[in-house]
Amino acid sequence: MEAHGCQQSSFGDRLDAMAGLRVVVLGDFFLDEYVECRLVGVSPEMPVPRLERGDACRRPGAAGNLAAGLAALGARVTALGVVGDDAAGDRVSEALRVAGVDVESLVREPGRPTPTVTRFTTPAAGGPRHYLRVDRVPREEPSRDSLARLSHALGEALADAALVFVADYDEAGGAGSPGAAGGVVRTEVLQRVREAAAKSGARLFGTSRLRPGALSGFEVVIGNQREVGLLGVAPEASAAEARAVLEEHELAALCVTCGAEGAQWLDAEGWRRFAPRPSVEVDPCGAGDSFAAALALALASGAGVDEAGRLAAAAGGLAVERAGTEVVDAARLRRPPASPASPPPRAGAAVARKLRTLDALGAELAPLRAAGGRVVFTNGCFDVFHPGHLRLLREARALGDCLVVALNSDRSTAANKGPGRPVIAEPERVEMLAGLEAVDYVTVFDELTPVHAIARLRPDVLVKGGNYRPDEVVGRALVEEQGGEVVIVPQRGGFDTGAFMAAVSRASDGHRS
Amino acid sequence: MKSWEREVSSHFVVIGEFFRLAREEDASLHPSLREELERYMRVRLDRGKWIPEEVTTFHSEWYREFYRVLGVRDPYRSLKERSEELARELLAELAPRSLEAALRAAVVANRLDFGVARREDDPLPLAVADFADLERRPLWIDDGARLAERLEGARHVLLLADNAGEALFDLHLLRVLRARRPGCRLSIAAKAGPMLNDVTADELAAQGAGELATVVSTGTNAFGVPEREASAEFAACLADADLVLAKGQAHLEFWIRFGEPRLFHLAHTKFAVLDPALGRLPAGVDLVLSAERYAEGRPAWRRRPAGAA
C-alpha cells in the first residue's frame, strides 16, 4: 500500500479553489455542549461524584460540525435537517449562522427536541478531560410535514450545489433501516437526494454512524473503522475483497479514518494510506468531521485523491490539537506544519502550535510572505501580564496578517529588569502569550536585546508599546531599511508593568495592615 | 564600583571598535546592528531603566551581548596577537631583572589595552619610552614595600591576568619571582573565553605559561570573577593562595567590594574609581594598591555556583 505523507507544502492554491463552492449538508444537526466542571467531592445524598459547574460553551455538532467545518474552509454551505423549535434549536441555528452556514432551510419542528450532546469536562494537564456525557435525542421520527418541507428544500438547495454531504448521526434506532428512530436520514430522503443529485450533477458524499450500507450509489462514504466495518470491509481486507464491497454497495470509493494512524482510501485502484499530520492531541472529538469536510471539499474542487488526502490529514491533525469540536479554518491550513527544528511543546496544545525557534519561524513564515502577507513583530518580557499588554497585542495583530511575539527569556528578563524578575517564569509567560488569539507565534530570545531576532526575521511591522519616540525603538533601522514600518502603540488606561506592580504591592500592604 | 559612578561614555566606547573588528571577521554583518546596540543602551540609560549595580556585572553582560548579537567568537584575536608581538619586543629590549623592576613593568604593561578605553584607530598604546625610569616612577598609590615583604614570605602566589600582551609581562614577573623564590607555588588565572582583548586561560597555556605556573581558568569570561560563575578550580586556587596579584581596572572594580586583604592591585587606571575607603582614584594613574586599605568590614569572596543559595 502506498503511503502519502503529510508534507510541509502549502495548501494555498487548493484552498483558493475550494473557496466559494456550494455545498449542501443534509443530516442530523446536534447541539454540542461542553460544560467545564470541577470535581469537589462526593455528593452528601448518594455516593456519587459531586461536580461544581463552570462555564459552558456550545457549538454545532454532528452534521452541524461538518457544516461549520466546510464553511470554515471557505465553502458556501446550506444546512438541511430538522431540529426542534426549542432553545437548543435556537442555539444550533444561531451557531451555524455565526459559522457562516445558511440555515434558512433548516426545518424547526415544534415539540421535537433538538439532539443535544452535553459533555461535562474536568481540568487536566494538557487540556480538559471528558468526565461524563449526557445525550438528549429524539425517539420519534420527524413529522410528515417536516419531511415534506425538507424534501422541498432539498430540491432547491441541490440545484446549484457542487457537493452534497449526507451526515447520518442517528444512533438511537440501531443498525436497522435508516432513520428507524428519530434521525433525518431516512430511506425516502436518501432517494430524494439521489434523484436531485443526479439531476444537478452534485457529487454525493456520505457518512453514517450505524447504516453506511444505506448510502449505496454515493460517490464516497467516509467513516471510522467501526462504521466502515459495518459495510463488511475488514481492516486487513485485500484490495480485491474491498473492491467487492465497493461494487456491492455501488460506491466509487471508501475512506476509513484511523485516528492517530491517519486514514485509508479505497477505490478501483486499490488501497492507499494518508499519513497523519504530527500533532499534540488534546481532544479527538470532531477531528473526523474536520477530516471529512476537508477531503470532500478538496475532491469537489478538483483535487486528486492524494492531494485531497494530504489536506484532510492536515485538517484532522489540527483539529485534535484543540479542545472541543472547534473547526479548522482555511487560515490554519495555509500555515505549513511545524518543522522538525521546532522545540517540543512545553505546556499545552496552544504552546505546541505557536512556540517556535527563530530558525523554524523563518521557514514557517516564508509562504505567508510569498503570498504577500505582512508579518508584525513585537517583543517584551510580558511579565505580570495586564490589560495594557493585551491591548498592545490586539492592536499589533490588526496591523498585519501574522503577529510574532519575541519574548525575553528568564535570563534576559533578569538582566534587563533586575533582581526578583521575572515574577512569572518563562514557560508560563509563553503559555499566556500562546493562549491569546491575537498571537500567532511566540519565540523566546536569550539576548539582552531583540536585535538578533529582528535582524533574522525582518518583520514588515515593528510594534513598540509605550510612550517612546521612533528613534528609541530598538530594531527601527533594521526594519525601515527593508521597507518596513515602526508603529508605536501608546499606553492607554495607565497600565504599565511598573505601575501595575506598585498597585499590587499597595493593595497587598493594605491587606496586611 | 557602582555603574552610575562610571562615566556614561564608557558604556558606549567599546561598541564602535568591537563592531569594526567583528566586521573584519564577518563582512556580512549589517551596519545597522551597531546603531541598534547603541540605541538600546542609550534608551536604557536615558529612561532610567534598571542597570546592574556593579559596573563589572553591567559591562560583562553588556559586552557579552555584542558577541551574541553579532555572532562572532573572538574579533579581538588579531589585536591580541599584535599586543603579544609588541610585548615580546618590549620585553626583549627591557628585560627587567629585579623583582621591583619586573613588578613596575607589569604595572606599566597594563596600558597595553585595546579594550574599553581605546578609541577606534588609536595607535598602539605602549612603547619602550613608557618603561623609562621604572623604579623611580611615582605611583598614585605605592604599596610596593608591603608587597615585597609579602612576596618574601608567600607560599602560593596567584596572579589574576588582564590583557593579552600584558600577560607576557606577568609571566616575566612570575619568572623573576620563581628565580628568587624557587619554593613558592605560582598560579596564573585568566578568563575561560574571549572578552575584548583580555587574555584567556587557553591562550596562556598556548604561550607556555604552564611551564612556569599552574594555569587556571576563572570559569567565566566576565570581568572579575563573579561568585556564581567561578570555576571550582579557581575557587580552590584562590582559597589556597596567600598572596594574590590582581591586574587591571576590571579586577580593581570587582574585588574592591570584597574584603580580601591578601590581594594587591597592579593597574594603570583607564577610568576614575570611586570608593569610600580610597576616595577617588583618577584615570590614567599607576597603582600598586594593597586591599588592606579597603578590605575591613567587606565580605570575603565565596564561590556560589548556580542554584546554590
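So, here's what we can say about the structure.

1. What to know about the interface of chain B and chain A
Here is step 1: Taken together, the contact pairs 18 residues of chain B with 26 residues of chain A.
Here is step 2: Of the roughly 1900 Å² buried between chain B and chain A, counting both surfaces, carbon and sulfur atoms make up 54%.
Here is step 3: Together, B:E36, B:Y40 and B:W50 form the three largest contributors to the area buried by chain B at its contact with chain A, with a combined 27%.
Here is step 4: Joining chain B to chain A, the criterion identifies three salt bridges.
Here is step 5: With a closest N to O distance of 2.7 Å, A:R411 and B:E61 form a salt bridge.
Here is step 6: Viewed at the interface, chain A and chain B are joined by 17 residue pairs in polar contact (both at pLDDT 80 or more).

2. Considering the nonpolar core
Here is step 1: Counting 63 residues, the largest nonpolar core has A:V25, A:F29, A:L295 and A:L333 as its most contacted members.
Here is step 2: Setting aside residues no more than four positions away along its own chain, A:L333 makes contact with A:F11, A:L15, A:L73, A:L311, A:A314, A:A315, A:L318 and A:V328.
Here is step 3: Judged by nonpolar contacts, the second largest core, of 49 residues, contains A:F377, A:V486, B:L33 and B:Y76.

3. Section: the sheet that holds strand β19 (residues 441–445) of chain A
All names here are of chain A.
Here is step 1: If you walk across this open sheet you meet the five strands as β19-β18-β17-β20-β21, and the pairing is parallel. Either end of the sheet is taken by a strand with one partner, and the two such strands are β19 and β21 (485–489). Neighbour to neighbour, the strand axes of the sheet diverge by 25° on average, direction disregarded.
Here is step 2: Bridge count for strand β20 (residues 461–465) against β21 is five bridges, and the pairing is parallel. Across the sheet, residue L462 finds its bridge partner in β21, namely V486.
Here is step 3: Taken strand by strand, helix α12 (residues 358–370) contacts β17 (375–380), β18 (402–408) and β19, and its axis lies near 150° from that of β19.

4. Description of the packing of helix α8 (residues 287–300) of chain A against helix α9 (residues 305–319) of chain A
All names here are of chain A.
Here is step 1: As a packed pair, α8 and α9 sit with axes 8 Å apart at the nearest point and diverge in direction by 155°. With respect to each other, α8 and α9 are oriented roughly antiparallel. The two elements α8 and α9 meet at a crossing, and its hand is right-handed. Facing A287, S290, F291, A294, L295, A298 and L299 of α8, the residues of α9 in contact are V305, A308, G309, L311, A312, A313, A315, G316 and A319.
Here is step 2: Residues that form the contact of α8 with α9 fall into these classes: 13 nonpolar, three polar and no charged.

5. Remarks on helix α14 (residues 410–417) of chain A
Here is step 1: By the burial criterion, the buried members of α14(A) are A:S412, A:T413, A:A415 and A:N416. An end-on view of α14(A) places all buried positions within 165° of arc, on one side of the element.
Here is step 2: Structurally, α14(A) contributes buried residues whose contacts are with β18, α15 (426–434) and β19 of chain A together with α2 (32–46) and α3 (55–70) of chain B.
Here is step 3: Just beyond α14(A), the residue with positive phi is A:G418, at close to 100°.

6. Side note on unusual backbone geometry
Here is step 1: Between A:R421 and A:P422 the backbone carries a cis peptide bond, its omega angle lying at 0°.
Here is step 2: Tracing the chain through its elements places A:P422 in the loop between α14 and α15.
Here is step 3: Within the chain, A:A62 stands out as a residue other than glycine whose phi angle is a positive 55°.
Here is step 4: Of note in this structure, B:L196 is not a glycine but carries a positive phi near 50°.
Here is step 5: Tracing the backbone shows B:L196 in the loop between β3 (185–190) and α8 (201–206).
Here is step 6: Residue B:L196 is classed as buried on the basis of its relative accessible area, which comes to 2%.

Quick notes on the rules
Residues numbered from 1 in each chain as written. Chains lettered and ligands numbered in written order. Predicted model: local features only at pLDDT ≥ 70, side-chain atom pairs only at ≥ 80, totals over all residues. Heavy atoms only, no water. Contact = heavy atoms within 4.5 Å. Buried area = accessible area lost by both parts, 1.4 Å probe. Salt bridge = Lys/Arg side-chain N within 4 Å of Asp/Glu carboxyl O. Polar contact = N/O pair within 3.5 Å; in protein donor to acceptor, adjacent residues only side chain to side chain. Core = buried A, V, L, I, M, F, W, Y, C linked by side-chain atoms within 4.5 Å. Buried < 20%, exposed > 50% of the residue type's maximum accessible area, 1.4 Å probe, protein only. Pairing = 2+ DSSP bridges. Helix = DSSP H or I, 4+ residues; strand = E, 2+ residues; numbered from the N terminus. Axes fitted to C-alpha atoms, helices over the stretch in contact; angles between N-to-C directions. Parallel < 35°, antiparallel > 145°, perpendicular 65-115°, else oblique. Left-handed = near helix turned anticlockwise from the far one by under 90°. Nonpolar A, V, L, I, M, F, W, Y, C, P; charged D, E, K, R; others polar. Arc of directions from axis to C-beta.

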